[in-house]
Amino acid sequence: MKKVLLTLVILFATIGISAGTWEDNLKKGAATTKQNYLNVPFAKPEQWKTPYTTPGNWPVFETRGPIDRSPKNSASKVLVMGTGDPTPNPFRYGPAMAVIVNDYPYFVDCGEGWWRALAHSTLTQDAIDLTKVFALPNLKYMFLTHLHEDHTVGLPSFINNPYKFGPGADKKVFGPEGVDEMISHINAAWRLDRHEVAQGSLGYPPVGSTAVGVPVWPETTVKGRKIFEDDNVLVEAFPSKHGFLEHTYAYRFTAKSDGRVFAFGGDGTYSPGLAAAAKNADILFVEGITRKNVKYATWGGDTEEEKVRVIGAYHMFPERLKQVYDESRVKNIVMVHVQNYNSPDNFDRLGVLNEMIDEGINNILLAQDGDLY
Ligand SMILES: [Zn+2]
Ligand SMILES: [Zn+2]
């Protein structure tokens, strides 16, 4: 016993724990825990200019948990799994949504943390039985609005992670030109993993371990093009406009169960294709960015003028969304992928939402991860 104590004393002296007493360290730990518990950010306002410390990342400003905003008894719902964007907010998953019709899911975009977002929604949303909806053989169809990293980085998880828990369905991923190449590279990159699960101790049959990419290019025009249909849904693709990407799409889902129509804008500014995709739809799920506070953006140039030009080519300022709203006569808008750049001293979590309302857009809501519509 004496020997053990002596060893411990020497060990602690060596690694420097002797700098404070145990009691001091315990007090310090308690204070840190309290700060975490109360969601008080450690980063100071003057440190806001990095992607990690921008005020939008501060969890202290989250105002609510996930809720059910869907009509009662409708057989079609949209689950917002992730509302994030490229900013590394540790409290929002990357862009990810699911249209659910007759308890079967069709996924739209596959951002960072897709598999965890699925679990988060299942644990926090009890309006429908998501364990049933997300049964492994149901994880099959994915629709990508565009191939930016923040909307696709979850694909290796989508394709490979469910398989670790048993055979499922081979995946089909619809998206712009290049999606076939992207998916075949992912299949190749995780070949060893897949092989080990199939041939190793688990010995699963290979079904459910791979995916194919299906380009919806090139015949998609502003009039829309049917790209998928089954007993539950009809899916049409429309060209959208997002920075300098040549092929990006908005999707229009018609649920055959109850006729609800959902449009997904992905990223981008106004385009005739987006307005057509959302024509008289029940809900348009779309991005939004602050115009008032764009000067606080952590990218897009040095001056406000430059930021407006660069960021405006990529994203949806309030006056552009108003144009989509007026032209499409969509009934409701739900904002995701919100870029709410703000003064670090005066952060307003609802800032972008209020800018959209001030622009004259009625019936607009701000989504949070796990919400149901
Ligand atoms: Zn994005
Ligand atoms: Zn993008």
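Whatever comes next refers back to the structure up there.
## Quick notes on the overall build of the protein chain
Helix and strand counts for the protein chain come out as twelve helices and 13 strands. In summary, the protein chain has a C-alpha radius of gyration of 23 Å against a globular reference of 21 Å for 373 residues, a match within 12%. Each of the three principal axes of the protein chain carries a C-alpha extent, and together these read 80 × 55 × 40 Å. Scored against the burial criterion, the 373 residues of the protein chain give a buried share of 49%. Considering only residue pairs separated by 6 or more positions, the protein chain has 67% of its internal contacts joining residues 24 or more positions apart. Per element, the accessible surface of the protein chain, about 18000 Å² overall, is 56% carbon and sulfur. Separation of charge centres in the protein chain, based on 38 positive and 43 negative side chains, amounts to 3 Å.

## A short note on the side chain of Gln339
Mapped onto the secondary structure, Gln339 falls in strand 12 (residues 332-339). A relative accessible area of 4% means that Gln339 is categorised as buried. Only 3.3 Å separates the side chain of Gln339 from the side chain of His315, close enough to count as a polar contact. If we skip the residues at most four places from it in the chain, Gln339 touches Asp85, Glu287, Gly288, Ile289, Thr290, Trp299, His315 and Val352.

## Concerning the coordination of the zinc ion (ligand 2)
Protein-derived ligands of the zinc ion (ligand 2) are His146 (NE2), His148 (ND1), His242 (NE2) and Asp267 (OD), with the metal-ligand distances lying across 2.1 to 2.4 Å. One way to put it: the four donor atoms around the zinc ion (ligand 2) meet at angles of 87 to 168°, and that makes the site irregular. Donor residues binding the zinc ion (ligand 2) come from one chain and are separated in sequence as H-x1-H-x93-H-x24-D. The metal-metal distance between the zinc ion (ligand 2) and the zinc ion (ligand 1) is 3.5 Å, with Asp267 serving as a donor to both. You can see His242 sitting in the loop between strand 8 (233-239) and strand 9 (249-255) and its partner Asp267 sitting in the loop between strand 10 (261-264) and helix 9 (272-277), a full 25 residues away along the chain. Asp267 shares its class with His242; the two are buried.

## Structural notes on the layout of surface pockets
Here the largest pocket defines a volume of roughly 420 Å³. For the largest pocket, the lining is made up of 22 residues, of which Asn89, Pro90, Phe91, Arg92 and Tyr93 are closest to its centre.

Rules behind the numbers
Residues numbered from 1 in each chain as written. Chains lettered and ligands numbered in written order. Predicted model: local features only at pLDDT ≥ 70, side-chain atom pairs only at ≥ 80, totals over all residues. Heavy atoms only, no water. Helix = DSSP H or I, 4+ residues; strand = E, 2+ residues; numbered from the N terminus. Rg over C-alpha atoms; globule rule 2.2 N^0.38 Å. Buried < 20%, exposed > 50% of the residue type's maximum accessible area, 1.4 Å probe, protein only. Contact = heavy atoms within 4.5 Å. Areas by Shrake-Rupley, 256 points an atom, 1.4 Å probe, with all protein chains shown as cover. Lys, Arg positive; Asp, Glu negative; His and termini not counted. Charge placed at Lys NZ, Arg CZ, Asp CG, Glu CD. Polar contact = N/O pair within 3.5 Å; in protein donor to acceptor, adjacent residues only side chain to side chain. Donors = N, O, S within 2.8 Å, 3.2 Å for Na, K, Ca; no water. Tetrahedral: all angles 85-135°; square planar, octahedral: opposite > 155°, others 65-115°. 1 Å grid on protein atoms, 1.4 Å probe; cavity = no way out; pocket = protein on both sides within 12 Å on 5 of 7 lines; lining within 4 Å. Points joined across faces, edges and corners; volume = space filled by probe spheres on them.

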